[in-house]
Number of protein chains: 2
Amino acid sequence: MKIAIIYAHPVRESLNGSLLNVMVKRLEAGGHSVQVSDLYAMGWKAVLDGDDFLNREPGARLDPMLDSKQAYAEGKQSPDIAAEQEKLLTADAVILQFPLWWFSMPAILKGWVERVYAYGFAYGVGEHSKLRWGDRYGEGLMTGKRAMLVVTAGGWTSHYSPRGINGPIDDLLFPIHHGILHYPGFTVLPAFVSYGIGRGRVDDVQYQAVASALEKRMDELFTTEPIPFRRQNAGDYEIPALTLRSELAPGVVGFAAHRSDFK
Amino acid sequence: MKIAIIYAHPVRESLNGSLLNVMVKRLEAGGHSVQVSDLYAMGWKAVLDGDDFLNREPGARLDPMLDSKQAYAEGKQSPDIAAEQEKLLTADAVILQFPLWWFSMPAILKGWVERVYAYGFAYGVGEHSKLRWGDRYGEGLMTGKRAMLVVTAGGWTSHYSPRGINGPIDDLLFPIHHGILHYPGFTVLPAFVSYGIGRGRVDDVQYQAVASALEKRMDELFTTEPIPFRRQNAGDYEIPALTLRSELAPGVVGFAAHRSDFK
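The shown structure was predicted, so the numbers you read here are calculated from the model rather than taken from an experiment.

(A) The overall build of chain A, seen in detail. Looking only at helices and strands, chain A has eight helices and six strands in total. The order of helices and strands in chain A, counted from the N terminus, is β-α-β-α-α-α-β-α-β-α-β-β-α-α. On the principal axes, the C-alpha backbone points of chain A span a range of 55 × 50 × 35 Å. Here chain A holds 263 residues, and 47% of them are scored as buried. Here the analysis covers contacts within chain A between residues at least 6 apart in sequence; of these, 75% occur between residues at least 24 apart.

What follows is the structure in structure tokens.
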């Protein structure tokens, strides 16, 4: 199978870089082909702006959505954007690897999402009607592909527990899992998160444990049970309000309502 | 009073830009002085990298935390970072204004946070002991200053309601409210969010309603009741596990546990 890894750490000789090596080695040993986008090494342009759209009228006011739509439709996107889209289209699985900075992905990766996720590619796809609100949240161009996050976090496991001060890790990652991966149709796997990283070095024992667990996740990339996010257009939501139907998970509010395993 | 507005929209002649004008005009009419950081217009560098730290050894491996700590301590940060820190230090209130892109802030603003929030300035501040886990989550250099978000969202209000498909807006903004604003000590006000923005233009009636509501929020900037986030070192949390003490809000898990108004 083909796997695309989007790597967003400034230092290749870091723990994140070592874990990237672990993944690539294990996946290739398993017969897969792996393509890495090392965003820092590529000098990835993080900021979406008018230069992304090669068919804009000179001097015209930027319209991020409309310009994205037209550039994508006419094949006039900046080549770095088109190249990343091509990687996603040919991949069977996509891994986003990053350190958790301020409880989300680093700016360089956020900018990758904003620029690569063009109108017509990742949003604004499909029919809007009384029955459908676009091909999103379980449908879209990424349908059939798997995606997972590989994350390092500076705090302790307990700090990210259900009553931990940083908030539960599943809730912190929901906007990425659901809003960035489930949205264009990816099948989303549970994240691989390592805690206590970044303040001082991890020792060999801790590193080996993390590396072994990550190898196992790579072995199971195509068999791991995904997060059971609900599909927008499959009957669970009122359209166009897009609220969960009252008979489903009665009383449940918040992110948990969008998983079909919460009753 | 002094107000700093960090503005993160690529187009000054946008709805966001109009709302920025509304805020500046109203605040100045109220006798306040306003300083705007228009990140796109400034060509703000979004990506944290080795160029941010002017005292690094040539060729040394980047260590984002340690290098940030040393550059901040020795006054050797990139001047654009130091200038933004100075704005925060002199401000009585800070407003972050942005369109919600992929359920979070635009990359250019995320990069502002990552670069301006230096080690020693916004994190890694204060004593770590059995009684204290650093000056954070309610303490820190931003203590006594107010902060609020002014956000436009493309979806409908119902899409961001408690059972709406995007997730409740309060939960989507929690990593910013709690993890970015409460963390270095800001007093966090409820966000001002406008929905249904971005797909086509808002009409005059809708615009006037939004502008008037925003003017009211500016009038009440220093009297609005803040979000009652719990303080880390004030007795509510076990240290160092940093989990909410079992007798507080029993049974409550997730982001809500960190607000003292959830019982």
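(B) A look at helix α5 (residues 107-116) of chain B. Counting buried positions along α5(B) gives ten out of ten residues, so the element sits mostly inside the fold. Residues of α5(B) that are buried in the fold lie against α5 (107-116) of chain A together with β1 (2-7), α2 (39-42), α4 (79-90), β3 (93-99) and α6 (169-182) of chain B.

(C) Structural context of the relation of the copies chain A and chain B. Superposing chain A onto chain B takes a rotation of 180° combined with a translation of 0.0 Å along the rotation axis, leaving an RMSD of 0.0 Å. In short, the pair behaves as if placed about a two-fold rotation axis. Within chain A, the C-alpha atom positioned nearest to the axis of rotation is that of A:A107, 2.4 Å from it. By residue overlap, the copies meet face to face through one surface: 100% of the interface positions of chain A are interface positions in chain B.

(D) Structural context of the packing of helix α4 (residues 79-90) of chain A against α5(A). All names here are of chain A. The N-to-C vectors of α4 and α5 enclose an angle of 90°; their axes lie 9 Å apart at closest approach. Taken together, the axes of α4 and α5 lie roughly perpendicular to each other. In this structure, α4 contributes I81, E84 and Q85 to the contact, and α5 contributes W112, R115 and V116.

(E) View of the pairing of strand β1 (residues 2-7) of chain A. All names here are of chain A. Counting buried positions along β1 gives five out of six residues, so the element sits mostly inside the fold. In this structure, β1 lies alongside strand β2 (residues 33-38), joined through six bridges in parallel fashion. Residue Y7 lies in a different strand from β2, and its bridge partner there is D38. In this structure, β1 lies alongside strand β3 (residues 93-99), joined through five bridges in parallel fashion. Its bridge partner being in β3, I3 is matched across the sheet by A93.

(F) Highlighting the interface of chain A and chain B. Between chain A and chain B, the residue contacts involve 53 residues of the former and 54 residues of the latter. Secondary-structure elements contributing two or more residues to the side of chain A that touches chain B are α3 (64-73), α5 and α6 (169-182) of chain A. It is α6(A) that provides the largest number of residues to the side of chain A that touches chain B, a total of seven residues. Taken together, the residues of the side of chain A that touches chain B break down into 31 nonpolar, 15 polar and seven charged.

(G) Main features of the environment of A:H128. Residue and element names in this part refer to chain A. Tracing the chain through its elements places H128 in the loop between α5 and β4 (146-152). The class of H128 is exposed, set by 12 C-beta atoms lying within 10 Å. When the C-alpha atoms of H128 and V34 are compared, they prove to be 36 Å apart, with 94 residues separating the residues in sequence. Apart from residues lying up to four places away in sequence, H128 is in contact with W133 and G134.

(H) Quick peek at the confidence of the model for chain A. Put simply, chain A has an average pLDDT of 95, and 98% of its residues get 70 or more. The ipTM, which scores confidence in the relative placement of chains, is 0.97 for this predicted complex, and the corresponding pTM is 0.98.

(I) Spatial organisation of helix α3 (residues 64-73) of chain B. Residues and elements named next belong to chain B. Restricting attention to buried positions, one finds in α3 the residues P64, D67, S68, A71 and Y72. Along the axis of α3, the buried positions cluster into a sector of 125°, meaning they face one direction only. Looking one or two places after α3, you find G75, whose phi comes out positive at around 65°.

(J) Summary view of the nonpolar core. Counting residues in each nonpolar core, the largest one holds 154 residues, and the members touching the most others are A:L109 and B:L109. A:L109 has contacts with A:I6, A:A8, A:L39, A:L96 and A:F98, leaving out every residue within four places of it along the chain.

(K) A look at the environment of B:T152. All names here are of chain B. Within the element layout of this structure, T152 appears in strand β4 (residues 146-152). The class for T152 is buried, based on 22 C-beta atoms found within 10 Å. Between the alpha carbons of T152 and G196 there is a distance of 8.0 Å; along the sequence they are 44 residues apart.

(L) Quick peek at the environment of B:A107. In this structure, B:A107 sits in helix α5. When the C-alpha atoms of B:A107 and B:M1 are compared, they prove to be 29 Å apart, with 106 residues separating the residues in sequence.

Basis of the calculations
- Counting restarts for each chain, with residues numbered from 1 along the sequence as it is written.
- Chain letters and ligand numbers both follow the written order, the letters beginning at A and the numbers at 1.
- Totals for whole chains, interfaces and linings use every residue, but because this is a predicted model, local features are given only for residues with pLDDT of at least 70 and side-chain atom pairs only at 80 or more, for both listing and counting.
- Put simply, DSSP marks the helices as runs of H or I at least four residues long and the strands as runs of E at least two long, and each gets a number from the N terminus on.
- Three classes are used. A residue is buried when 20 or more other C-beta atoms lie within 10 Å of its own, exposed when 12 or fewer do, and partly exposed in between, with C-beta atoms placed from the backbone.
- Note on contacts: each residue gets a C-beta atom placed from the backbone, and two residues are in contact if those atoms are within 7 Å.
- The fit set for superposing copies consists of C-alpha atoms from residues with pLDDT of at least 70 in both; the fit itself is least squares.
- In this analysis an axis means a line fitted to C-alpha atoms, helices contributing only their contacting stretch, and an angle means the value between N-to-C directions, from 0 to 180 degrees.
- Orientation categories follow fixed angle ranges, with anything under 35 degrees roughly parallel, anything over 145 roughly antiparallel, 65 to 115 roughly perpendicular, and all other angles oblique.
- Here, any two strands with at least 2 DSSP bridges between them count as paired.
- Basically, the charged four are Asp, Glu, Lys and Arg, the nonpolar ten are Ala, Val, Leu, Ile, Met, Phe, Trp, Tyr, Cys and Pro, and anything else, Gly included, counts as polar.
- The quantity known as pLDDT measures the predictor's confidence residue by residue, on a range of 0 to 100.
- To obtain the arc, one takes the directions from the helix axis to the C-beta atoms.
- Joining buried Ala, Val, Leu, Ile, Met, Phe, Trp, Tyr and Cys residues through C-beta atoms within 7 Å gives a set, and that set is a nonpolar core.

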